[in-house]
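Structural description and commentary
Letter by letter, the chains look like this.
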Amino acid sequence: MSTTEQPSGTGGPGRVAFLDGRGELPMLEVATAWSTVEIYLQGAHVTHFRKKNEPPLLFLSQCSRFAEDQPIRGGVPIVFPWFGPREGMNQHGFARLKNWELKEVAPAPGGSVSVRFRLPDCPEASSFPPFTADYVVTVSETLKLELIVTNNSTTDEFVFEDCLHTYFEVGDVRAVSIKGLGGTAYLDKVANFAQKTETDEAIRIASEVDRIYVNTSAPVEILDAKLARKILIQKQASLSTVVWNPWIAKAQQMPDFGNEEYERMVCVESGNVGSNQLRLPPGQSSRLTVELSSSPLR
Ligand code: TA6
């Protein structure tokens with residue numbers, strides 16, 4: 001283990017440590033004056049973010065696998081370069097299974113810490129135009145996540161989907177409302193991809209929910225009555241928001257997810273999927289940005 005002390009700013013020094021995480025997978029632990037974060041190199045996967053004096057913001061399954069080539073269940077899987085199934089390939093792309101390279105640890109003024117990762121070259125990438133994918137995690141009182149994709153081709157468009165598949169920890173999903181999607185069109189995956197429009201200003205969850213909201217850049221709030229917490233999800237360069245809770249039957253079918261854990265989580269995911277997939281011209285970059293913050297619910 002090695003530890004790096006970062007210069008102090010008004011928020012105090014940040015600390016970054018390299019550790020063996022679960023399953024002996026390499027992991028980075030970042031501590032700032034406000035919060036702690038854990039990031040696995042596999043998938044550049046943020047598994048933990050906790051502000052001082054608050055419960056964790058991110059849900060992580062007790063049954064998650066921590067093994068090479070197996071996705072981690074919880075935290076923030078990076079879904080890229082496709083979302084959902086693809087014939088003969090892994091669901092949700094290959095980015096979440098690769099060991100990302102740690103490129104930079106940068107203390108910022110005021111005590112926050114930014115860490116930058118890069119997706120390594122891999123055989124699966126060869127069916128796409130040449131590209132680079134960087135992921136910058138900035139830890140402070142908030143958690144800021146940026147997925148920067150650059151099309152390095154001089155001739156071809158790069159068509160892809162991206163999504164930060166964020167699992168949030170909640171006290172009781174039945175006591176949660178999700179605001180910000182009223183009036184938005186969505187595909188209802190539990191109704192055979194039926195096209196619908198959200199009629200509720202405050203979405204409540206009382207059965208399986210798997211919805212792809214499209215053409216929305218709106219921020220989303222998760223109001224959690226049991227934990228008395230409001231989570232704010234702000235995003236840029238994202239036109240899709242996915243809301244998912246597997247509920248009882250699906251939870252029982254997932255080997256890496258506890259039977260009762262659906263009660264303590266909800267996924268609100270930000271990205272560009274389905275009809276919002278990105279078409280990046282040669283030489284251009286996209287920068288999907290998601291910032292997570294929380295405050296007491298009054
Ligand atoms: O984003 C929702 C979703 O696509 C669901 O349909 C569900 O399958 C979930 O992702 C989890 O996928 P995973 O491959 O991680 O089991």
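Residues numbered from 1 in each chain as written. Predicted model: local features only at pLDDT ≥ 70, side-chain atom pairs only at ≥ 80, totals over all residues. Heavy atoms only, no water.

Digging into the overall build of the protein chain
For the protein chain, the count of helices and strands is one helix and 24 strands. Taking 298 residues into account, the globule formula puts the C-alpha radius of gyration at 19 Å, and the protein chain, at 18 Å, falls close to it. For the protein chain, the spread of C-alpha atoms along the three principal axes comes to 50 × 50 × 35 Å. Residue burial in the protein chain is summarised as follows: out of 298 residues, 54% are buried. By sequence separation, contacts in the protein chain at least 24 residues apart represent 61% of the contacts at least 6 residues apart. Of the roughly 12,800 Å² that the protein chain leaves accessible, carbon and sulfur atoms contribute 47%. (Helix = DSSP H or I, 4+ residues; strand = E, 2+ residues; numbered from the N terminus. Rg over C-alpha atoms; globule rule 2.2 N^0.38 Å. Buried < 20%, exposed > 50% of the residue type's maximum accessible area, 1.4 Å probe, protein only. Contact = heavy atoms within 4.5 Å. Areas by Shrake-Rupley, 256 points an atom, 1.4 Å probe, with all protein chains shown as cover.)

Overview of the site of the ligand
Around the ligand, the structure places Arg73, Phe83, Gln91, His92, Arg96, His165, Lys189, Asp210, Val242, Trp244 and Glu269. Within the side chain of glutamine 91, an N or O atom sits 3.0 Å from an oxygen atom of the ligand. Out of a free accessible area of 390 Å², the ligand has 83% covered by protein chains. In terms of residue class, the shell around the ligand is built from three nonpolar, three polar and five charged. (Near = heavy atom within 4 Å. Polar contact = N/O pair within 3.5 Å; in protein donor to acceptor, adjacent residues only side chain to side chain. Nonpolar A, V, L, I, M, F, W, Y, C, P; charged D, E, K, R; others polar.)

Brief notes about unusual backbone geometry
A cis amide bond links phenylalanine 80 with the next residue in sequence, proline 81, at an omega value of 0°. Inspection of the secondary structure puts proline 81 in the loop between β6 (78-79) and β7 (101-107). Here histidine 92, not a glycine, exhibits a phi torsion of approximately 65°, which is positive. Position of histidine 92 relative to the elements: it lies in the loop between β6 and β7. In this structure histidine 92 comes out as buried when scored by relative accessible area, which is 5%. One non-glycine residue, asparagine 215, adopts positive backbone phi at about 55°. Residue placement: asparagine 215 occurs in the loop between β18 (209-213) and β19 (220-224).

A look at the confidence of the model for the protein chain
Confidence in the prediction for the protein chain averages 95 pLDDT; 96% of positions are at 70 or higher. Under a pLDDT of 50 for its full length, residues 1-10 has, in the predicted model, 26 contacts with residues more than four places off or in other chains. (pLDDT = per-residue confidence, 0-100.)

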